[in-house]
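What follows is the residue order along each chain.
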Amino acid sequence: MGDITTYSNSGLDTTSDSKLGRCASYASKLALRASLRYTGEDDQWQAKRRSLRDRNKYVYNRELFSDVRFLVGRREKTSIPAHRYVLAISSPVFLSLFYACGALQAEIATREQIEVSECEPDAFLEMLRHMYT
């Protein structure tokens with residue numbers, strides 16, 4: 001690995017910045033690249049997909065950037081990753097669930113896992129696939 005003092009952020013000279021700032025920026029970029037590799041993601045996936053629709057298809061049912069998980073199934077639960085933003089722009093139900101005011105919404109909006117026991121995973125994934133595409 002190269003000397004951290006020679007690290008440059010998008011062509012900007014960082015030699016005048018504090019060492020702590022340079023280290024944090026460098027570390028965050030390394031962490032992002034490491035997380036992409038850990039999840040098996042290609043760090044150039046956005047460039048390979050021309051449209052927003054294709055990028056949404058790519059993140060469907062993937063951990064990449066997911067911020068909510070659904071535990072789905074009547075008997076055996078399957079954990080399904082999702083993205084609140086995609087769900088909210090696709091459905092007024094999810095919009096009110098994640099972004100409306102109120103005690104119930106505030107409690108649900110902060111949950112990382114939401115249990116859905118009224119449907120089977122295949123049906124839930126099909127609904128999500130429709131929202132992402």
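The following paragraphs examine the structure supplied in this document. This one's a predicted model, so the numbers in the text were calculated from it and none came from an experiment.

### Topic: the overall build of the protein chain
Now for step 1: A tally of helices and strands in the protein chain yields six helices and three strands.
Now for step 2: Taking the contacts inside the protein chain whose residues are at least 6 apart along the sequence as the reference set, 46% of them involve residues at least 24 apart.
Now for step 3: For the protein chain, the computed accessible surface area is about 9100 Å², with 55% contributed by carbon and sulfur atoms.

### What to know about the pairing of strand β3 (residues 113-116)
Now for step 1: Only one face of β3 is covered, namely the one carrying I114 and V116; the face carrying Q113 and E115 has none of its residues buried.
Now for step 2: Here strand β1 (residues 68-72) runs beside β3; their pairing, made up of four bridges, is parallel. Paired with L71 across the strands is E115, a residue of β3.

### Observations concerning the environment of H130
Now for step 1: Relative to the assigned elements, H130 resides in helix α6 (residues 121-132).
Now for step 2: H130 sits 40 residues away from S90 along the chain, and the two C-alpha atoms are 9.2 Å apart.

So, how was this worked out
Residues numbered from 1 in each chain as written. Predicted model: local features only at pLDDT ≥ 70, side-chain atom pairs only at ≥ 80, totals over all residues. Heavy atoms only, no water. Helix = DSSP H or I, 4+ residues; strand = E, 2+ residues; numbered from the N terminus. Contact = heavy atoms within 4.5 Å. Areas by Shrake-Rupley, 256 points an atom, 1.4 Å probe, with all protein chains shown as cover. Buried < 20%, exposed > 50% of the residue type's maximum accessible area, 1.4 Å probe, protein only. Pairing = 2+ DSSP bridges.

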